[in-house]
Amino acid sequence: MTAKLIKGTEIREQILEEITTEVAQIKAKHGVVPGLVTILVGANPASISYVTLKIQTAHRVGFHEVQDNQDATISEEDLLALIDKYNKDDSINGILVQLPLPKHVDEKKVLNAIDPDKDVDGFHPVNVGRLMIGGKEVKFPPCTPAGIQEMIVRAGVETKGAEVVVVGRSNIVGKPIANMMVQKGKGANSTVTIVHTGTKDLAAHCKRADILIVAAGVPGLVKPEWIKPGACVIDVGVNRVGETVSEKTGKKVAVLRGDVDFDAAKEIAGYITPVPGGVGPMTITMLMLNTLKSLKFKLGIA
Ligand code: NAP
């Protein structure tokens, strides 16, 4: 069996097109576009490249975007005041604080200062609670789990009654995706198991998964013999396993591998996400969708 590839790169393009169309319609009818501010503190190269990608994507879909770069020496008090300014700014629907923050700043305090109705990352405790309650309470599902669920839905995989096994229990991937898949509703209604380093028999759990979501950060953790024939395998892991020279640019680039032995797994699974090009491109895409949703909630059209 050769699994159907679920390509995040393709789904991203579809969703960004849909967002662009909707933004233009809202602009024509209501005279406003979604506003997104990205706050970058300091000059961490990885943070700069993430922020740049977010800004480019926001620009592409027609958002009003504000790039607010602050010196690494900014005080916690001044950063909190900055957040407060954007909380009160009517033209801003989404506030992003790029992590990590400098050591002298309490990250939790800063993230918790964001108005939950502008917390498009979905990490504020209020939004975590809303996600737990489910249904209409949910405003901003966290972006990577939201991307995973969207991929499963768009691939046409049945989730109702499916055995879903999630490998990993982080607050950004494992716990929220497990919580989302167990809710009563579209793209969910599954029977969910979360496994982790305390689990007695990881293989036994994985083997009965109709949908296997792996977010452990361990290259090749999931062996092909752990995969149920025909299962949908979502590999969230992004692991740097070496370096190579890009044929296109001639520059050194990282070799990335997922948490699943892809080449062997694709012969057993029914659906599988590649790494790179699978879940990765979905995160920023869902961030754009959450920002659009934030404006729609404000306009009462969500
Ligand atoms: P994390 O916070 O390190 O959590 C990893 C989880 O996996 C933990 O719950 C850990 O269990 C579990 N785990 C680790 N080794 C295991 C093993 N041998 N057996 C069973 N469980 C094991 O990681 P994360 O932030 O969720 O990220 C996971 C992976 O996804 C990483 O490779 C990351 O780069 C990637 N990721 C990708 C995206 C994206 O593509 N957009 C976004 C986020 C993350 P314990 O709790 O017991 O320690």
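Points about the overall build of the protein chain
- Each helix and strand counted, the protein chain has ten helices and eleven strands in total.
- Rg of the C-alpha trace for the protein chain: 20 Å, near the compact-globule value of 19 Å for 302 residues, within the 12% margin.
- With respect to the principal axes defined by its C-alpha atoms, the protein chain has extents near 55 × 45 × 40 Å.
- Expressed as a percentage of its 302 residues, the buried residues of the protein chain come to 46%.
- Taking the intrachain contacts of the protein chain between residues at least 6 apart in sequence as the baseline, contacts between residues at least 24 apart amount to 70%.
- Between the mean site of the 36 positive side-chain charges and the mean site of the 34 negative ones, the protein chain shows a separation of 4 Å.

Re the site of the ligand
- Around the ligand, the structure places 20 residues, and the nearest of them are Arg169, Ser170, Thr197, Val238 and Thr283.
- Between the ligand and Val236, the relevant distance is 3.3 Å, taken from an oxygen atom to a main-chain nitrogen or oxygen of the residue.
- Relative to its unbound accessible area of 930 Å², the ligand is 68% covered by the protein chains.

Considering the pairing of strand β9 (residues 239-245)
- When β9 meets strand β10 (residues 252-257), the two strands line up antiparallel, connected through six bridges. The partner of Arg240 across the bridge, within β10, is Leu256.

So, the side chain of Asn127
- You can see Asn127 is positioned in helix α5 (residues 125-133).
- With residues near it in sequence (within four places) discarded, Asn127 still touches Pro116, Asp119, Gly122, Lys139 and Phe140.

A closer look at the sheet that holds strand β3 (residues 64-70)
- Taken in spatial order, the three strands make up an open sheet running β3-β2-β4, and their pairing is parallel. Both edges of this open sheet fall to β3 and β4 (94-97), since each of them pairs with a single strand only. Adjacent strand axes in the sheet meet at a mean angle of 15 degrees, parallel and antiparallel pairs treated alike.
- Sheet topology note: the strand β2 (residues 35-41)/β4 ladder contains four bridges and is parallel.

What counts, and at which threshold
- Residues numbered from 1 in each chain as written.
- Predicted model: local features only at pLDDT ≥ 70, side-chain atom pairs only at ≥ 80, totals over all residues.
- Heavy atoms only, no water.
- Helix = DSSP H or I, 4+ residues; strand = E, 2+ residues; numbered from the N terminus.
- Rg over C-alpha atoms; globule rule 2.2 N^0.38 Å.
- Buried < 20%, exposed > 50% of the residue type's maximum accessible area, 1.4 Å probe, protein only.
- Contact = heavy atoms within 4.5 Å.
- Lys, Arg positive; Asp, Glu negative; His and termini not counted.
- Charge placed at Lys NZ, Arg CZ, Asp CG, Glu CD.
- Near = heavy atom within 4 Å.
- Polar contact = N/O pair within 3.5 Å; in protein donor to acceptor, adjacent residues only side chain to side chain.
- Areas by Shrake-Rupley, 256 points an atom, 1.4 Å probe, with all protein chains shown as cover.
- Pairing = 2+ DSSP bridges.
- Axes fitted to C-alpha atoms, helices over the stretch in contact; angles between N-to-C directions.

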